[in-house]
Amino acid sequence: MTQAGAHIIAVGNEKGGSGKSTTSLHLAVYLLHQGYRVGTVDVDSRQQTLTRYVKNRRTTAQTRGRDIPLPKHLYIPTAWGDSIAENQIAEREIFSRSLAGLRKDVDFIIIDTPGFDCNLARATLELADTLVTPLNDSMIDLDVLARVDDQSGEPIQTSPYSRNVQKARAERLQRTGSTIDWVLVRNRIAHLGSRNTSQVQQTIEKVAERLGCRVAEGIAERVIFRSLFTLGMTVFDPLEADILGSTPSMSHVNARQEYRSLVSALRLPVRLPVPRADNEAKAVERLRA
Ligand SMILES: Nc1ncnc2c1ncn2[C@@H]1O[C@H](COP(=O)(O)OP(=O)(O)OP(=O)(O)O)[C@@H](O)[C@H]1O
Ligand SMILES: [Mg+2]
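All of these numbers come straight from a predicted model, not from anything done at the bench. (Residues numbered from 1 in each chain as written. Chains lettered and ligands numbered in written order. Predicted model: local features only at pLDDT ≥ 70, side-chain atom pairs only at ≥ 80, totals over all residues.)

S.K.: Would you mind showing me how to read the overall build of the protein chain here?
M.R.: Of the regular secondary structure elements, the protein chain holds 11 helices and nine strands. The C-alpha atoms of the protein chain give 19 Å as radius of gyration, which agrees with the globular expectation for 289 residues (19 Å, within 12%). With respect to the principal axes defined by its C-alpha atoms, the protein chain has extents near 60 × 50 × 35 Å. Within the protein chain, the fraction of its 289 residues that count as buried is 40%. By sequence separation, contacts in the protein chain at least 24 residues apart represent 75% of the contacts at least 6 residues apart. (Helix = DSSP H or I, 4+ residues; strand = E, 2+ residues; numbered from the N terminus. Rg over C-alpha atoms; globule rule 2.2 N^0.38 Å. Buried ≥ 20, exposed ≤ 12 C-beta atoms within 10 Å, placed from the backbone. Contact = placed C-beta atoms within 7 Å.)

This is how it looks when you write it as structure tokens:
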């Protein structure tokens, strides 16, 4: 664990709809099931998706009368006064006070940020130990990290978001001697290997090398994520029909394994080994029998 206790995982990308909130809750629930105390923080005051996701989870826990682990959740509002400078100071004060309190109570804090540049997204980068950046499986999403030469596929210029991250990394390195561990993860990957998919894979590796970050194995496009949101559930929750709201499928198992691979790739300070996929598959077969 880091300086003041909890390990802070920021989930960020200035591109909207890349899977930040979905990934945030999945990381939180994975760590809860491993027995860690987990805090979740929503700094996306406009959409509040993570806040609604956690609320849905609480409702499912109550209505099903089940012991579903919940994170300690905080929502940080945006200040709406006349002065931008004063608003920014007020927001940062609330943010750092809230985080300081939460840090004492939990082992991990996951902060979900909005899909655009803002004061609190930058404040989050300043605190992050790990930064996870989900990207939709498209060249357009890669453009948010770096401009890529059409002909050679080589990154030619880093983007404003990448520059924000690099600035926060440099400041942190100076302050603590260690940098933010930045991991890119492709999301909503098409099932069939397409030309786009392999082009994105090749380019993302080059962009990662240029930015000094790592690339985790990706998460495939799966319809199950839609129903999971309304229930506040994740692929890490028990594969039981009365909790999931549908019969468990191999899609759940495969998605669970993909998210587990992501957690492994993050190299978080966790104690327990990642369980094996074939045991999960057997568990589903038993449930269906
Ligand atoms: N692997 C996936 N397969 C299918 N749908 C997915 C997957 N991951 C996320 N989604 C869906 O994509 C949509 C966007 O996901 P999410 O809200 O997590 O993105 P976001 O980056 O937080 O968006 P925003 O920038 O608006 O905050 C949601 O409808 C979610 O259910
Ligand atoms: Mg979101």
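After presenting the structure, the write-up continues.
S.K.: What is the right way to look at the site of ligand 1 in this model?
M.R.: The immediate surroundings of ligand 1 are formed by 20 residues, with Gly16, Lys20, Ser21, Thr22 and Gly115 found nearest. Looking at the shell around ligand 1, the elements with two or more residues in it are helix H1 (20-33) and helix H8 (224-231). Residues that form the shell around ligand 1 fall into these classes: four nonpolar, 10 polar and six charged. (Near = placed C-beta within 6 Å. Nonpolar A, V, L, I, M, F, W, Y, C, P; charged D, E, K, R; others polar.)

S.K.: Could you clarify how one ought to interpret helix H2 (residues 49-64) in this entry?
M.R.: It helps to recall that an α-helix has 3.6 residues per turn; residues three or four apart then point in one direction. Here H2 contains 16 residues, and its C-alpha end-to-end distance of 22 Å stays within 8% of the 22 Å for a straight helix at 1.5 Å per residue. Within H2, burial applies to Leu50, Tyr53, Val54 and Arg57. Buried residues of H2, viewed axially, fall in a sector of 95°; they line one side. Residues of H2 that are exposed and angled more than 90 degrees away from the buried face: Gln62 and Thr63. Phi turns positive, to about 60°, at Gly65, one or two residues after H2. (Expected span 1.5 Å × (residues − 1). Arc of directions from axis to C-beta.)

S.K.: Would you mind showing me how to read the sheet that holds strand E3 (residues 72-75) here?
M.R.: Think of a sheet as strands paired side by side through backbone hydrogen bonds, with each pair either parallel or antiparallel. With respect to topology, seven strands assemble into an open sheet ordered E3-E2-E4-E1-E5-E8-E9, the strand pairing being parallel. Because the sheet does not close on itself, it has two edges, and the strands there are E3 and strand E9 (214-216). Between one strand axis and the next, the sheet turns through 20° on average, direction left out of account. As defined by bridge partners, strand E5 (residues 130-136) adjoins strand E8 (residues 181-187) across seven bridges and the pair is classed as parallel. By the bridge assignment for E8, Thr133 is matched with Leu184. Each of E5, E8 and E9 touches helix H10 (residues 250-266); the most contacted strand, E9, lies at about 160° to it. (Pairing = 2+ DSSP bridges. Axes fitted to C-alpha atoms, helices over the stretch in contact; angles between N-to-C directions.)

S.K.: Mind showing me how you'd approach the pairing of strand E1 (residues 7-11) here?
M.R.: Consecutive side chains of a regular strand alternate in pointing toward one face of the sheet and then the other. Counting buried positions along E1 yields five of five residues, so the element is predominantly enclosed. Sheet topology places E1 next to strand E4 (residues 108-112); five bridges connect them, and they run parallel. Bridge assignment links Ile9 to a residue of E4, and that residue is Ile110. As paired strands, E1 and E5 are joined by three bridges and run parallel to one another. When the bridges of E5 are listed, Val11 appears paired with Val132.

S.K.: What's the story with unusual backbone geometry in this structure? I'm lost.
M.R.: Outside of glycine, negative phi angles account for most residues, and trans bonds account for most peptide bonds. Of note in the backbone geometry, Arg188 takes a positive phi value of approximately 55° without being a glycine. Position of Arg188 among the secondary structure elements: in the loop between E8 and helix H7 (195-211). Although it is not a glycine, Arg267 adopts a positive phi angle of roughly 50°. In this structure, Arg267 sits in the loop between H10 and helix H11 (277-288).

S.K.: Honestly, the environment of Gln151 in this entry has me stumped. Any pointers?
M.R.: Counting through the fold element by element, Gln151 comes out in the loop between strand E6 (146-148) and strand E7 (155-158). By the C-beta count within 10 Å, which is 6 here, Gln151 ends up exposed. Along the primary structure Gln151 and Asn196 are separated by 45 residues, whereas in three dimensions their C-alpha atoms are 15 Å apart.

Such coordinate-based values are descriptive only and should not be taken to indicate function.
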